[in-house]
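# Breakdown of the fold
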Amino acid sequence: QVQLVESGGGLVQPGGSLRLSCAASGMIFSTYTMGWYRQAPGKQRELVASITGGGKTAYYANVVGRFTISRDNTKNTVYLQMNSLKPEDTAVYYCHPFYTTDWGQGTQVTVSS
């Protein structure tokens, strides 16, 4: 049974930083492309960043140059370093292995002064 546990969210002022983590279990982690998604109130869930098992990254939405996705296959964990946060980054953030139906519970990120 796949489990995904996100952590690291919180309240931060505009311009601040947060580092999200997603610990995975019950899967051969290194074989999956992992994605970070977010969902703001009243909006659809959107893909923010992805990383292949070998470490190739891609960025979406308006996070290029501000967010960095990484992974540690020895720890079955994927990270999202978020810098220069803006109020519009406020959302629940989820990790998700591509081509599966597995989702974690998400972690809330609130950017506000």
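About the criteria used
Residues numbered from 1 in each chain as written. Predicted model: local features only at pLDDT ≥ 70, side-chain atom pairs only at ≥ 80, totals over all residues. Heavy atoms only, no water. Disulfide = S-S within 2.5 Å. Helix = DSSP H or I, 4+ residues; strand = E, 2+ residues; numbered from the N terminus. Buried < 20%, exposed > 50% of the residue type's maximum accessible area, 1.4 Å probe, protein only. Pairing = 2+ DSSP bridges. Axes fitted to C-alpha atoms, helices over the stretch in contact; angles between N-to-C directions. Salt bridge = Lys/Arg side-chain N within 4 Å of Asp/Glu carboxyl O.

Okay, the state of the cysteines next. Scanning all chains against the criterion turns up one disulfide. At a sulfur-sulfur separation of 1.9 Å, the disulfide partner of Cys22 is Cys95. Judged by the sign of its S-S torsion, about 40°, the cystine formed by Cys22 and Cys95 is right-handed. Taken together, the residues span a long stretch of sequence, with Cys22 in strand 3 (residues 18-25) and Cys95 in strand 9 (residues 91-97) at a distance of 73 residues. By the burial criterion, Cys22 is buried, and Cys95 matches it.

Overall, antiparallel pairing links the four strands, which are arranged 1-3-8-7 in an open sheet. In this open sheet, the two strands that pair with only one neighbour each are strand 1 (3-7) and strand 7 (67-72). Across the sheet, the axes of successive neighbouring strands diverge by a mean angle of 15°, strand direction being ignored. Sheet topology note: the strand 3/strand 8 (residues 77-82) ladder contains six bridges and is antiparallel. Paired with Ser21 across the strands is Tyr79, a residue of strand 8.

What follows concerns unusual backbone geometry. Located in the positive-phi region is Asn76, a residue other than glycine, with phi close to 50°. For Asn76, the location among the structural elements is in the loop between strand 7 and strand 8. Under the relative-accessibility criterion, Asn76 is labelled partly exposed at 25%. Notably, Ser84 is not glycine yet its phi reads approximately 50°, a positive angle. Inspection of the secondary structure assignment puts Ser84 in the loop between strand 8 and strand 9. Its relative accessible area of 40% is what places Ser84 among the partly exposed residues.

Here we come to the pattern of salt bridges. Here the idea is simple: oppositely charged side chains can pair when their charged atoms come close. With the rule as written, the count across this model stands at three salt bridges. A salt bridge links Arg38 to Asp89; the shortest N-O distance between them is 2.9 Å. Of the two residues, Arg38 is situated in strand 4 (residues 34-39) and Asp89 in the loop between strand 8 and strand 9; the sequence distance between them amounts to 51 residues. Per residue, the accessibility class of Arg38 equals that of Asp89, and both read buried. Among the salt bridges present, the one from Asp89 reaches Arg66, with a minimum N-O distance of 2.7 Å. With a gap of 23 residues between them, Asp89 in the loop between strand 8 and strand 9 and Arg66 in the loop between strand 6 (57-59) and strand 7 connect regions that are remote in the sequence. Each of the two residues, Asp89 as well as Arg66, counts as buried. Each member of the salt-bridge network shares a partner with another, and the members are Arg38, Glu46, Arg66 and Asp89.

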